[in-house]
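Overview (structure and organization)
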Amino acid sequence: ILLKPVAKVQITAIMQEASAPSLHHLRKVIKEAFALFDKLGNDTVQQDEVGTIMRYLGQFPTEAQLSEKIRELVDSDPSREGLVSFAAFEKMMLRDLIDRAHDPDDSETLLAAFRVLDTRGLGYIEVNEITAALSTKEGNQKDGFKDKEMFDFLDYAKEGETADSSRIYYEDYIAKLTEDTERHLESLYQDARGSALPKPGATA
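Notes on the structure in this doc start here. Source: prediction; values computed, not measured.

Secondary structure summary: the protein chain contains nine helices and four strands in total. The helix and strand sequence of the protein chain, counted from the amino end, reads α-α-β-α-α-β-α-α-β-α-α-β-α. Within the span of the protein chain, comprising 204 residues, buried residues form 41% of the whole. Put simply, 69% of the contacts in the protein chain that link residues at least 6 apart link residues at least 24 apart. Only carbon and sulfur atoms are counted for the fraction: they give 51% of the accessible area of the protein chain, which is about 11500 Å².

Given below as structure tokens:
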């Protein structure tokens, strides 16, 4: 599950090694991610898929930044009739990854943000409070969660091992999110380093 914002993941070394072979692998990762959402198989995706693909690849623009990127992507290839072409997406994504334009927030930044909402210092936030603060519908957040994003966030963040699903214990949520995100991006970008790890049980 990929949500915004998430814990900081260092991919600097990958980008520094993006010489010819590494850049080839990096482009392969982008292509494979794009293909997951290319439902027509014609090297295009719907505009509303762009943010999901970017987050899958480890870049987390705000909604305002994402809207601007989508406009640029669509305008760059009018022949696609409102769809986003792979050629335009790859060019933008390579630039953002190498520049680390939208790297995710680190855990301390996330904790500080949650503690602003936790005014009583209880270590948790009621679901209705966080929904009001973060959603575009209930709150006044220009960059807030849309309905589906809010549902996914709450489903992931709520404590699943207890009967209490009305609270977000945010330190546990951030720890889980940090671990899951780092594991996902570590696996995703192994090939971009040019030295993928052997599969479990493999012999030298």
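Glancing now at the nonpolar core. Core analysis: the largest hydrophobic core is formed by 26 residues, its most contacted members being Ile30, Val50, Ile53, Leu57, Phe89 and Tyr189. Broken down by secondary-structure element, the contributors of at least two residues to this core are helix 2 (20-35), helix 3 (50-56), helix 4 (63-75), helix 5 (86-99) and helix 9 (170-188). Ranked by the residues each element gives to this core, the list is headed by helix 5, at seven residues. Residue contacts for Phe89: discarding those within four places in its chain leaves Ile30, Phe34, Val50, Ile53, Met54, Leu57, Leu73 and Val84. Residues Ile130, Phe153, Ile168 and Tyr173 belong to the second largest nonpolar core, which totals 17 residues.

Glancing now at the environment of Ile70. Turning to its location among the elements, Ile70 is positioned in helix 4. Looking at Ile70, the relative accessible area reads 12%, which means it is buried. Taking the C-alpha atoms as reference points, Ile70 and Val84, separated by 14 residues in sequence, lie 7.8 Å from one another. With residues up to four places along the chain from it excluded, the contact list for Ile70 reads Gln47 and Val50.

Here we come to the pattern of salt bridges. On inspection of all chains with the given rule, the structure shows 15 salt bridges. One salt bridge connects Arg71 with Glu68, and the closest N-O pair in it is separated by 2.5 Å. In this pair, Arg71 and Glu68 both sit in helix 4, three residues apart, roughly one turn of the helix. Its relative accessible area of 46% is what places Arg71 among the partly exposed residues.

Moving on to the packing of aromatic side chains. Counted under the stated rule, the structure contains eight aromatic pairs. Judged by centre distance (5.2 Å) and plane angle (65 degrees), the ring pair of Phe34 and Phe86 falls under edge-to-face. Note that Phe34 is positioned in helix 2 and Phe86 in helix 5, a separation of 52 residues in sequence. Grouping residues by exposure puts Phe34 and Phe86 together as buried. Pairing Phe114 with Tyr173 gives two aromatic rings, centres 5.8 Å apart and planes at 75 degrees, and the pair type is edge-to-face. Taken as a pair, Phe114 in helix 6 (residues 107-117) and Tyr173 in helix 9 lie far apart in primary sequence, 59 residues in all. Both residues of the pair, Phe114 and Tyr173, count as buried. An aromatic cluster of at least three residues, connected via ring pairs, comprises Phe114, Phe145, Phe153, Tyr156, Tyr170 and Tyr173. Seen from the ring of Phe86, Lys31 lies directly overhead, with NZ or CZ sitting 4.4 Å from the centre.

Conventions adopted
- Residues numbered from 1 in each chain as written.
- Predicted model: local features only at pLDDT ≥ 70, side-chain atom pairs only at ≥ 80, totals over all residues.
- Heavy atoms only, no water.
- Helix = DSSP H or I, 4+ residues; strand = E, 2+ residues; numbered from the N terminus.
- Buried < 20%, exposed > 50% of the residue type's maximum accessible area, 1.4 Å probe, protein only.
- Contact = heavy atoms within 4.5 Å.
- Areas by Shrake-Rupley, 256 points an atom, 1.4 Å probe, with all protein chains shown as cover.
- Core = buried A, V, L, I, M, F, W, Y, C linked by side-chain atoms within 4.5 Å.
- Salt bridge = Lys/Arg side-chain N within 4 Å of Asp/Glu carboxyl O.
- Phe/Tyr/Trp six-rings, centres within 6.5 Å; stacked < 30°, edge-to-face > 60°.
- Lys NZ or Arg CZ within 6 Å of the ring centre and 35° of its normal.

Such coordinate-based values are descriptive only and should not be taken to indicate function.
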